[in-house]
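Understanding the architecture of this molecule
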Amino acid sequence: MCSVTSIGRPITISLVIAVATAGSLPVFAEIEEVIVTAQKREESVQEIPITMSAFDEDALRELGAAGDQQALLGQIPNAQSYLTNSFLQSAHVRGIGLNEFQGQYDSPVAQHMDEVYISKPWQLARPKFDLQRIELLKGPQGTLFGRNTTGGALNYYTNAPTETLEAYLAASYDNYERALIEGAVSGPIAGDLLGRFSFITNFGSGGPQDNLFDGEEHGEPGLVEIRAQLAWTNESTRIRALYHMGVDTSEKGAWKGPGIFNIGGGYCPALLAGDVTDDPETCAKFAGITGDPALEFEPHDKDTINANTPQSGDDEWTGGFLRIEHDVGGATITSITSYEFYERNLEEDSDSSPLRSTDTRYWNQIDTFSQELRLGGTLTDPWRYVLGFFYQHDDLDQVDGSYLGGNPLGIAPPFAPQFFEESQFDVDSIAGFFHTEYDFTDRLRVIAGARYTQDSIKASGIEGLGLDDPTGEEDRVTPCIITTFTPAGQAGPGCPFLAPFLGTPPNGGVFEDNRTDTNVSWRAGFEYDILDQMMLYASLSTGYRSGGYSIPFAGTATQFTPEKLFVQEAGIKSTLLDGSLQANLAVFHYQYDDVQINVDDPVSPVVPITRNIGEQENIGFEADLWWKPTEEWDAKFGVGYLDAEFDEVNISPSTGLPFSITSYGINAPLLGNRPVNSPKWNLNGLVRYQRPIFDGWDLVLMTDVRWTDDRFLEASNLPFDKADSYTVVNARGGVQSQDGTWEISIWGRNIFDEEYLTYINNIPFFKLDIFGEKATFGGNIRYNFQ
């Protein structure tokens, strides 16, 4: 069964056919219950007073959502994926998300893997595998989950070792010559000791983009990851240990780089009117200075690039956790100890041109240790609680460098052709939290919780010009800045020049600072059973995301303060028609203070930096339905509405005026603007049909669709910031054996080849656009050993 609790939106004709074919039947089928752990214990998703969506293993596989965050979030009302098919996959929920490409930022929609907080979105920007389920919790989740959950929590849960021997092997292949193989084996090892080993490898010889520069296809995957687990249980104690490691040398989705200049200079009218995304060859990249049309004009086709170094990575990671649960009689002590290491090496052609004109490389290395201790249980029959402590330490080193020596516009001087930043961030986060539920009657329950957090951040770094490593193309982000802070005016090993950028503090060109933020966030609410299978819930809650630092590679280091969120929410969850229909509705009001967004600022004239721009208000609702009229049919529908805007704007410390964004010579006030990636409407849905076709085999057909309204991908809300509405339709058909051993299917994603933007970045001397992947077709085969 496809168990998806966030309801999608089928196209109208599909739903009508589904209902008509189902016919008039005296007995409805019953929807399978989905069990989640959103409140740190196992419960039905329909019994939790939180607006959330959950996808089980079968649903993830049929949607392709384990490997594609957009396929996942596309089936959740008021949820968007950002930077799809790229090095950073960011979730936006109800108008809250991350819009930053540098590596030090934490997303306000926190990600957890088996309840372990993952600090940076780029640490999980890869296919997931051997998953038991995924949960998305909307709104602040600080009382029970880790740091920085103002927008929500996206939680992944892997399959644990099993008491019986089981295994599977699965493979897929698509029309761009990309293959994916994954598998697992699990079962008893000796006595009460269990084990599980799983793996994924993603490889191929092609990709969905064509690069005119070298005549090759771009997008070739190159990923390998393994996961090994042990589990041991006795009457009172459960222990689970997990280790994972992997490498990723994949070619990532490359930008489109439309021209922005007239021949001879000045910004092109087609750019200012917002037309160059559709017709990227209309304007010139370098104002005609090169005299070569092949260098000046971007190819028209959305999937054709002409880039000397299209985006590719060389990442490696390792880590794991030790989880211990001990029953002390009436309560359970849970300890989760984790360590994660990730090294990211990414290079990109930022302006997507054949010249070495804006070639950028990012290097990040993070070591994270975290410890969570919880005590949870029942004080009396109606009173349940969770009391916990959380600690995390991050040690992040990073270098960003953009080489502009070959740019005909003369952006950088020839003796110092590279903008760069080198920085280090040490973060210590300590928190204590408490969550409680009390049953006043059989129908009325109250919920309350609080979390105290102290975040201490120490940052140091330098921004500058220079650092063109003469040792070769491969290591042009120089080893000297990776390993040491070189004082301004001195040359490190292999570095012919180093100079601080404009406005860098005068202490030798090195920026050093630290800050400590404290916060108490809380949640209070109730749930009331109107009927036996209809629950009304309402809550007030607050959220908090810590302050930090912007250290851009072409500007001055600055800091920003914490952002805070106050949420009022109410909803209804119901199961009707003898369990065949689930109907859920939620309404919400967000009041967001000291919002952190990236803006253009005089102290960073080339790239945006993060500032606290003021206040934001989000009002909206969500509805989802899941109807299972017969055992053969599932129909799902979801709708989200969001009215979000910046309703108060702070004074910029740089200008003394209200924050605004100047883009391509146009100054745009922020007051009244919509936040990034916040469409007013979105619809999503799914229709699934399964029935026996011959002895021992079932036919399975499924289609899912998502529609997203117009939205802005920059906070300035100018014509060239706008992304048009779009509809993506996917389809899948196949057979599976009734004994659960075989699954064979063919599928298509974006089958009508819709062109749609997922990210833009408007820089004074270039523009970049990222599109969702074009129509892709392939097949899957899976065998479950029994």
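Residues numbered from 1 in each chain as written. Predicted model: local features only at pLDDT ≥ 70, side-chain atom pairs only at ≥ 80, totals over all residues. Heavy atoms only, no water.

Quick look at the overall build of the protein
Helix and strand content of the protein: 6 helices and 46 strands. With 786 residues in all, the protein has 61% of them scored as buried. Counting contacts in the protein only where the partners sit at least 6 residues apart, residues at least 24 apart contribute 69% of the total. Here the protein has roughly 28,300 Å² of accessible surface; of this, 58% comes from carbon and sulfur atoms. (Helix = DSSP H or I, 4+ residues; strand = E, 2+ residues; numbered from the N terminus. Buried < 20%, exposed > 50% of the residue type's maximum accessible area, 1.4 Å probe, protein only. Contact = heavy atoms within 4.5 Å. Areas by Shrake-Rupley, 256 points an atom, 1.4 Å probe, with all protein chains shown as cover.)

What about the confidence of the model for the protein?
Per-residue confidence for the protein gives a mean pLDDT of 87; residues scoring 70 or more make up 89%. This model gives residues 1-26 a pLDDT under 50, and the stretch forms 84 contacts once residues within four places in sequence are excluded. The model gives residues 469-508 a pLDDT under 50, and that stretch makes 91 contacts with residues more than four places away or in other chains. (pLDDT = per-residue confidence, 0-100.)

Let's talk about the sheet that holds strand β14 (residues 216-218)
Taken together, 3 strands build an open sheet; the order of strands is β14-β13-β17 and the sheet is mixed. Two strands bound the open sheet, and with one partner strand each, they are β14 and β17 (304-305). As paired strands, strand β13 (residues 209-211) and β17 are joined by 2 bridges and run parallel to one another. Within β17, the residue paired with Asn211 across the bridge is Ile305. (Pairing = 2+ DSSP bridges.)

Here we look at the side chain of His435
Looking at where His435 falls in the secondary structure, it is placed in strand β23 (residues 418-439). Sequence-distant contacts of His435, defined by excluding residues within four places in its chain, comprise Gln39, Thr143, Leu144, Arg384, Tyr385, Val386, Ile447, Ala448, Gly449 and Arg523.

Comments concerning the sheet that holds strand β6 (residues 109-113)
With mixed pairing, the 5 strands of this open sheet are ordered in space as β3-β8-β9-β6-β7. Edge positions in the open sheet fall to β3 (52-56) and β7 (116-118), since each of these has one partner strand only. Averaged over all neighbouring strand pairs, the angle between strand axes comes to 20°, with direction disregarded. Note that β6 and strand β9 (residues 152-158) share 5 bridges and pair parallel. Of the residues in β9, the one forming a bridge with Ala110 is Ala153. (Axes fitted to C-alpha atoms, helices over the stretch in contact; angles between N-to-C directions.)

Notes on the packing of aromatic side chains
Inspection of every chain in the model, using the stated rule, returns 20 aromatic pairs. A centroid spacing of 6.2 Å and a plane angle of 50° characterise the contact between Trp522 and Phe566, whose relative ring orientation is tilted. Pair noted here: Trp522 is in strand β26 (residues 511-531) and Phe566 is in strand β30 (residues 563-576), with a separation of 44 residues, a long-range link. Assessed through its relative accessible area of 32%, Trp522 is described here as partly exposed. Ring geometry for Phe694 and Trp697: centres 6.5 Å apart, planes at 45°, overall tilted. By relative accessible area, which is 49% here, Phe694 ends up partly exposed. Residue class for Trp697 comes out partly exposed when judged on its relative accessible area of 22%. Sitting over the face of the ring of Phe588, Arg94 holds its NZ or CZ atom 4.1 Å from the ring centroid. A cation over an aromatic ring shows up here: Arg356 above the ring of Tyr403, its NZ or CZ 3.6 Å from the ring centre. (Phe/Tyr/Trp six-rings, centres within 6.5 Å; stacked < 30°, edge-to-face > 60°. Lys NZ or Arg CZ within 6 Å of the ring centre and 35° of its normal.)

A few points about the pairing of strand β21 (residues 359-380)
As defined by bridge partners, strand β20 (residues 331-349) adjoins β21 across 19 bridges and the pair is classed as antiparallel. From the neighbouring strand, Phe341 faces β21, where its bridge partner is Asp367. Across 21 bridges, β21 lies against strand β22 (residues 383-403) in antiparallel orientation. Within β22, the residue paired with Asp367 across the bridge is Asp395. Hairpin connection between β21 and β22: a loop of 2 residues separates the two successive antiparallel strands.

Details of the layout of surface pockets
Of the pockets and cavities examined, the largest pocket occupies roughly 1,400 Å³. Along its surface, the largest pocket is lined by 48 residues, and Thr37, Glu42, Arg238, Arg323 and Glu325 are the ones closest to its centre. It is β21 that contributes the most residues to the lining of the largest pocket, 4 residues altogether. Computed from the structure, the second largest pocket encloses a volume of approximately 460 Å³. Taken together, 25 residues line the second largest pocket, and the ones lying closest to its centre are Glu33, Ser44, Gln46, Glu47 and Thr575. (1 Å grid on protein atoms, 1.4 Å probe; cavity = no way out; pocket = protein on both sides within 12 Å on 5 of 7 lines; lining within 4 Å. Points joined across faces, edges and corners; volume = space filled by probe spheres on them.)

Quick notes on the environment of Glu62
Examined against the element boundaries, Glu62 turns out to sit in helix α2 (residues 57-63). Linking Glu62 and Arg732, residues 670 residues apart in sequence, is a C-alpha distance of 7.6 Å.

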